[in-house]
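Commentary on secondary and tertiary structure
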Protein chains: 2
Amino acid sequence: MSETRTEIASLGEFGLIGRINESFKPTLPESVKGIGDDAAVIDLGGEYGLLSTDLLLEGVHFDLTFAPLKHLGYKAVAVNVSDIAAMNGIPGQITVSLAVSNRFSVEAIDELYSGIQSACKDFRVDLVGGDLSSSRSGLLISVSVFGKVAKDKIVYRNTAKPSDLLCVSGDLGGAYMGLQILEREKGVFLADPNMQPEFDSKEYVLQRQLKPEARMDVVYELAGAGVVPTAMIDVSDGLASDLLHLCTQSGVGAMVFEENLPIDEQTYLAATELNLSPITAAMNGGEDYELLFTVRQADYDKVKNNPKISVIGYMTDQPQEVVLATKGGNKHPITAQGWNHF
Amino acid sequence: MSETRTEIASLGEFGLIGRINESFKPTLPESVKGIGDDAAVIDLGGEYGLLSTDLLLEGVHFDLTFAPLKHLGYKAVAVNVSDIAAMNGIPGQITVSLAVSNRFSVEAIDELYSGIQSACKDFRVDLVGGDLSSSRSGLLISVSVFGKVAKDKIVYRNTAKPSDLLCVSGDLGGAYMGLQILEREKGVFLADPNMQPEFDSKEYVLQRQLKPEARMDVVYELAGAGVVPTAMIDVSDGLASDLLHLCTQSGVGAMVFEENLPIDEQTYLAATELNLSPITAAMNGGEDYELLFTVRQADYDKVKNNPKISVIGYMTDQPQEVVLATKGGNKHPITAQGWNHF
């Protein structure tokens, strides 16, 4: 081993992934797409198989002080299904591996699996395998998902074209505001365990954080409307970060209109209460698991009346320019302030 | 949540898996086989897809005091490929998720991935995805594998028939003896850091522990000989434990002849040196990742001259009787003393 020691933090998650990606180029003809999109793509002959995986660790991705185990199980499945949705695919089977410390009882594990089961039902996937291990420290959940998509319906993140319309499903920033509220109430509780948390009128943002949905409904509705997006990615790291991935990999720029950003009223109110900017929450919050996608201008009529879809801007032929046009008429370059947990 | 608290240790790993299995029956017609075999089976139309996953945790499954990161990366891939081999399948793609603490440098991660890459090359699989996370405590590796098998070539573990011959590839007990040697030398080193470890003439058992192989070579050779096993499982928990799985699920019994157990000379010598029984190592050691399988008697001529395959017994129609016939002429019931890490 080399004597040099380079800290992982100096590369960050994306730097490390890039480094790994360099040395792992697919060699089998069936491996259509390796690292670099929401899911890997495997040629099955008649159609494409999709494979993706996500890791959730206690103390890094979730805090059991406020995350109910049942919701956590649901979320672990949803974030994986979201990766299949982002390829315009249909999920089929999942595996779930758990590492648990002896702090957890069988009843706690049952709670977790009841959430997994609920998500399996909602997203019509089967749990078909997994692994179980003891853990020295807390809970770890590793989920993998297998799905499929017709070859002429697959959507990558690197195929957006200039003048395509930029769309996003649902609304943004809610999951981030939910987390801020939960952190605040945790602080209050730790300071005085007799205090009751104040969650009135915050149910929606809390749910966005604790029990996010994968937007399979949007995948089905786009198919029903006869729309195949030109590019797609799920919003896991925040609109800014994920839009930059989409632009960089497609070699295009983007113009986003602040006034078109879909933000729920509860997200606005929570942001105001905490002296945070709802626009920052929407742009950089992350964990919304909405679909960010581009469509041809000719498809505008097919998406404009869908209440689940907002057209928030358009793509340009200026790859260096990914810009937010504010309500005040200013233009700000969009930069990633995504979450780096290293 | 219920007020009752049941300790996970009271159920054990297999008890917990059984409990989960009960509540997760596949619902999609494509999900041919869920939890309960070495890999899940997915109907792809013309052939079957295979999906499996394994978790490796520092302090539970490996000890970085003596496990080189490169070998660990290799092992993480091999144990997953072994699950595909046990279905008589061909692996194609893997995903690798890592959780690493800041104790690890980029160079250490490079070492780990160089082992992963080496295994990818040896087993002809592509790394196509994964996830990266920080960890509060040590290293965690979660690998998932996707493979395929022709519908008329798939082999389950629950389809052994009475009078089938029981076969095992390679040799047994080596990985366990390698671990014992490593643990002994670790103890010596901790007591006196100036002591050099004594690994002379133990290269083979050390390699069996640190860098096991998946027996894809045996899968290819069986196919070449025109043999489709009637049932198969990989020996990960020890011959006794895995044979009991095979018998229980097939509803058959087994007679195993002690004198036929394949045990390498280094395994014998290491066992003697440590005052352990080589037979116990072979029966209960685990982590050999050999293939345990049954063939029709009519296929005996096709396997008997393969030096990689030992015929160690036969299956019976007495499901309650899984028996070891000793060299001395005694018969002992085989019981699982497999590893329970809870």
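Only a predicted model underlies this, so the values are computations on that prediction, with no experimental measurement involved. (Residues numbered from 1 in each chain as written. Chains lettered and ligands numbered in written order. Predicted model: local features only at pLDDT ≥ 70, side-chain atom pairs only at ≥ 80, totals over all residues.)

1. As for the overall build of chain A
Which entries qualify depends on this criterion: Runs of E in the DSSP output that reach at least two residues are strands. Runs of H or I that reach at least four are helices, and both are numbered from the N terminus. With the radius of gyration taken over C-alpha atoms, the globule rule is written as 2.2 Å times the number of residues to the power 0.38. To sort residues by burial, count the other C-beta atoms lying within 10 Å of each one's C-beta; a count of 20 or more means buried, 12 or fewer means exposed, and anything in between means partly exposed. C-beta atoms are built from the backbone. Residue pairs qualify as contacts under a 7 Å threshold applied to their C-beta atoms, which are placed from the backbone.
Within chain A, the secondary structure is distributed over 10 helices and 13 strands. Since a compact globule built from 342 residues should have a radius of gyration of about 20 Å, the 20 Å found for chain A is in line with a globular shape. Expressed as a percentage of the 342 residues in chain A, the buried residues total 54%. Taking the intrachain contacts of chain A between residues at least 6 apart in sequence as the baseline, contacts between residues at least 24 apart amount to 83%.

2. Digging into the pairing of strand E4 (residues 90-100) of chain B
Residue and element names in this part refer to chain B. Heads up, the condition is: The pairing criterion is simple: DSSP has to find at least two bridges between the two strands.
A large share of E4 lies buried, amounting to 11 of its 11 residues. Pairing of E4 with strand E6 (residues 140-150) involves nine bridges; the strand directions are antiparallel. Its bridge partner lying in E6, Leu-98 is registered against Ile-141. Sheet topology places E4 next to strand E5 (residues 126-134); eight bridges connect them, and they run parallel. Residue pairing across strands places Ile-94 opposite Leu-127, the latter belonging to E5.

3. Section: the sheet that holds strand E13 (residues 331-333) of chain B
All names here are of chain B. Under the convention used in this document: Each axis is a line fitted through C-alpha atoms, and for a helix only the stretch in contact is used; angles between axes span 0 to 180 degrees, taken between their N-to-C directions.
The strand order across the open sheet built from seven strands is E8-E10-E7-E11-E9-E12-E13, with neighbouring strands paired in mixed fashion. At either end of the open sheet lies a strand with only one pairing partner, and these are strand E8 (231-235) and E13. Shown here is a sheet whose adjacent strand axes are inclined to one another by a mean of 25°, direction ignored. Bridge count between strand E7 (residues 165-169) and strand E11 (residues 309-316): five bridges; the pairing is antiparallel. Residue pairing across strands places Leu-165 opposite Tyr-314, the latter belonging to E11. Lying on the sheet, helix H7 (residues 239-250) is in contact with E8, strand E9 (253-257), strand E10 (290-295) and strand E12 (322-325); it crosses E8 at an angle near 155°.

4. Focus on the nonpolar core
Quick reminder of the rule: For the purposes of this analysis, a nonpolar core is taken to be any set of buried Ala, Val, Leu, Ile, Met, Phe, Trp, Tyr and Cys residues that are connected through C-beta atoms within 7 Å.
Of all hydrophobic cores here, the largest spans 216 residues; its most connected members are A:Val77, A:Val81, B:Val77 and B:Val81. Ignoring sequence-local partners within four residues, the contact set of B:Val81 consists of B:Pro91, B:Phe123, B:Val125, B:Val145, B:Ala214 and B:Met216.

5. Describing the interface of chain A and chain B
Under the convention used in this document: Polarity classes work like this: nonpolar for Ala, Val, Leu, Ile, Met, Phe, Trp, Tyr, Cys and Pro, charged for Asp, Glu, Lys and Arg, and polar for all others, with Gly in that last group.
Listed by partner, the interface residues are 70 residues for chain A and 70 residues for chain B. Put simply, the parts of the chain that give the side of chain A that touches chain B at least two residues each are helix H1 (8-23), strand E2 (40-43), strand E3 (47-57), strand E4 (90-100), helix H3 (106-122), strand E5 (126-134) and strand E6 (140-150) of chain A. For the side of chain A that touches chain B, the leading source of residues is E5(A), giving nine residues. In terms of residue class, the side of chain A that touches chain B is made up of 31 nonpolar, 29 polar and 10 charged.

6. Thoughts on the pairing of E6(B)
All names here are of chain B. When you tally the buried positions in E6, you get 10 out of 11 residues, the bulk of the element. Bridge analysis of strand E3 (residues 47-57) against E6 gives 11 bridges, and the strand direction is antiparallel. Along E6, the bridge assignment pairs Leu-55 with Ser-142.

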